[in-house]
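Now for the letters of each chain:
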Amino acid sequence: MQIPFIDLKTQYETYKEEINKEVLDVLSSTQFIMGPQVTKLEENLAKYTGAKYAYACSSGTDALLIALMAIDVQPDDEIITTPFTFIATAETIALLKAKPVFVDIDETTYNIDPKLIEAKITPRTKAIMPVSLYGQTADMDAINTIAKKHNLVVIEDACQSFGAEYKGKKSCNLSTIGCTSFFPSKPLGCYGDGGAIFCSDEALAAKIKSLLNHGQGKRYEHKYIGINGRLDALQAAILNVKMNHFEAECKKRIEVGNRYSKLLEGADVITPKVMDDRNSMYAQYSIRVKNRESVMQKLNDAGVPTAVHYPIPLHLQEALSYLGYKKGDFPLSEKVGTEIMSLPMSPFLTTEQQDFVVNAIKA
């Protein structure tokens, strides 16, 4: 049996007529930058999350960068975040010459452990950037409470959790600013790079909107040094089609994730733990195993594709070695990094395919 790791082909075939029509409409209009498709998407995103403002941008990485620029992060400011995530989280902090300050994870959810945050706050701390890893939000109430106490900004890196809920509220609308990614493999993905930034503060929203378009307000009038962070109209058109089907896909993702966990009960693996006050979009369905490389090889031989998110924590990455961290500084991140592996995950994964994956793991 051939099982795709992420089944974008079936998704495209399912929505093909709608997507092709919208893409051809954009091509016919020749309005490829900004325009009505982008405006429509931003309205859809704001309505979906409940945030007052949503701005589409060029990638999840640029969304994080613009969010940091919007709160005026300066060289040597400190941003508290997790080392167990993709490089973009810390990369955007470093690009502004600020300092990523890492806090280890909660071993249950793999998200930043709020109990460890306050010990890392200094007079230079500007913000906390929790990551909603694998599709499940961090404990945002606890993090927001700490931030309020110390007059800090919270930026949710929700690049893997668009669609997820925390205590009845949508990810991306849980803090000062929310950022997400529309990379093709994400729960809501376009056919290239894309992202979005969310907030409900009017002044901050106006600055974000300006920063992603060269710091421009009126044409050729530049209030800030910004970036070219605009989303292409073609990608917006594709996302608008996918938004029409997104809620159904979210429900299916949860069904597939829950079924994996049920089927893997009793197997020699650690399945994801989703907390009672939230759900997960299962951007990845990641399990922990001993002897990971051997297990992955045997699954690959059986026709089951796998991946690792993320094998090397950020504090051990060469690019961030100047921070002075060493092996052993964040033991849970390091431990999980040696055991974690992701299984095929898609709202289009059939029960037959899922049974095949599970049987291969048990074997």
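Quick caveat: nothing in here was measured; it's all calculated off a predicted structure.

## Some points on the overall build of the protein
- For the protein, the helix and strand inventory stands at ten helices and eleven strands.
- A compact globule built from 363 residues would reach a C-alpha radius of gyration of about 21 Å, and the protein, at 20 Å, matches this within 12%.
- Principal-axis analysis of the C-alpha atoms gives the protein an extent of 65 × 55 × 35 Å.
- Residues counted as buried form 56% of the 363 residues belonging to the protein.
- Partitioning the contacts of the protein with sequence separation of at least 6, the portion at a separation of at least 24 is 70%.
- Between the mean site of the 40 positive side-chain charges and the mean site of the 44 negative ones, the protein shows a separation of 2 Å.

## Some remarks on the environment of Thr108
- Relative to the helices and strands, Thr108 resides in the loop between strand 3 (99-102) and strand 4 (125-129).
- Sequence spacing of Thr108 and Phe32 is 76 residues, and the spatial spacing of their C-alpha atoms is 44 Å.
- Sequence-distant contacts of Thr108, defined by excluding residues within four places in its chain, comprise Lys273 and Met275.

## Comments concerning the nonpolar core
- One finds Leu68, Ile71, Ile155, Ile177, Cys179, Ile197 and Ile208 to be the most contacted residues of the largest nonpolar core, which totals 30 residues.
- Sorting the residues of this core by element identifies strand 1 (53-57), helix 3 (60-70), strand 4, strand 5 (153-157), strand 8 (177-181), strand 9 (195-199) and helix 6 (202-211) as the ones contributing at least two each.
- Sorting elements by how many residues they give to this core places helix 3 first, with eight residues.
- Each residue touching Ile208, except ones within four places of it in the same chain, is listed here: Tyr55, Ile66, Ala70, Ile177, Ile197 and Cys199.
- If you look at the next biggest cluster of nonpolar residues, it comprises 24 residues, including Val38, Ala56, Phe198 and Met243.

## Brief notes about the packing of aromatic side chains
- Counted according to the given criterion, the structure contains 17 aromatic pairs.
- Ring geometry for Tyr48 against Phe162: centres 5.3 Å apart, planes inclined by 35°, an arrangement best described as tilted. In this pair, Tyr48 sits in helix 2 (residues 36-49) while Phe162 sits in the loop between strand 5 and strand 6 (165-166), placing the two residues 114 residues apart along the sequence. The pair formed by Tyr48 and Phe162 is uniform in burial state, with each residue classed as buried.
- Taken together, a centroid distance of 6.1 Å and an interplanar angle of 85° make the contact between Phe162 and Phe182 edge-to-face. Residue Phe162 is located in the loop between strand 5 and strand 6, and its partner Phe182 is located in the loop between strand 8 and strand 9; the two are separated by 20 residues in the primary sequence.

## What about the pattern of salt bridges?
- Taken as a whole and assessed by the stated rule, the structure comprises 17 salt bridges.
- For Glu107, the salt bridge is made with Arg288, and the minimal N-O distance between the two is 2.9 Å. Here Arg288 lies in strand 10 (residues 285-288) and Glu107 lies in the loop between strand 3 and strand 4, a separation of 181 residues in the sequence.
- The exposure class of Glu107 is partly exposed, given its relative accessible area of 26%.

## A look at the packing of helix 3 against helix 4 (residues 88-95)
- Two elements in contact, helix 3 and helix 4, have axes separated by 9 Å at closest approach and are oriented at 40°. With respect to helix 4, the axis of helix 3 lies oblique. Considering the relative orientation of helix 3 and helix 4, their crossing is right-handed. When helix 3 is examined against helix 4, the residues Thr61, Leu64, Leu65 and Leu68 are found in contact with a partner set consisting of Ala88, Thr89, Glu91, Thr92, Ile93 and Leu95.
- A per-class count over the contact of helix 3 with helix 4 returns six nonpolar, three polar and one charged.

## Overview of the environment of Lys242
- Within the secondary structure, Lys242 is located in helix 7 (residues 233-263).
- For Lys242, a relative accessible area of 2% gives the class buried.
- Lys242 sits 48 residues away from Gly194 along the chain, and the two C-alpha atoms are 14 Å apart.

## Brief notes about unusual backbone geometry
- Residue His309 is joined to Tyr310 through a cis peptide bond whose omega torsion reads 20°.
- Of note, Asp72 is a non-glycine position whose phi angle comes to about 65°, a positive value.
- The residue Asp72 is located in the loop between helix 3 and strand 2 (78-81) in this model.
- Owing to a relative accessible area of 41%, Asp72 belongs among the partly exposed residues under this scheme.

## With respect to the sheet that holds strand 9
- Pairing within the open sheet is mixed, and its seven strands lie in the order 1-9-8-5-4-2-3. The open sheet has two edge strands, strand 1 and strand 3, and neither has a second partner. Taking each pair of neighbouring strands and ignoring which way they run, the sheet shows an average axis angle of 25°.
- Pairing analysis gives four bridges linking strand 2 to strand 4, with the strands arranged parallel. Each residue of the ladder has a partner; that of Glu78, found in strand 4, is Thr125.
- In the packing of helix 4 onto the sheet, contacts are made with strand 2, strand 3, strand 4 and strand 5, and the angle to strand 3 comes to roughly 145°.
- Sheet strands in contact with helix 6 are strand 1, strand 8 and strand 9, and its direction is about 15° off that of strand 1.

The rules behind these values
Residues numbered from 1 in each chain as written. Predicted model: local features only at pLDDT ≥ 70, side-chain atom pairs only at ≥ 80, totals over all residues. Heavy atoms only, no water. Helix = DSSP H or I, 4+ residues; strand = E, 2+ residues; numbered from the N terminus. Rg over C-alpha atoms; globule rule 2.2 N^0.38 Å. Buried < 20%, exposed > 50% of the residue type's maximum accessible area, 1.4 Å probe, protein only. Contact = heavy atoms within 4.5 Å. Lys, Arg positive; Asp, Glu negative; His and termini not counted. Charge placed at Lys NZ, Arg CZ, Asp CG, Glu CD. Core = buried A, V, L, I, M, F, W, Y, C linked by side-chain atoms within 4.5 Å. Phe/Tyr/Trp six-rings, centres within 6.5 Å; stacked < 30°, edge-to-face > 60°. Salt bridge = Lys/Arg side-chain N within 4 Å of Asp/Glu carboxyl O. Axes fitted to C-alpha atoms, helices over the stretch in contact; angles between N-to-C directions. Parallel < 35°, antiparallel > 145°, perpendicular 65-115°, else oblique. Left-handed = near helix turned anticlockwise from the far one by under 90°. Nonpolar A, V, L, I, M, F, W, Y, C, P; charged D, E, K, R; others polar. Pairing = 2+ DSSP bridges.

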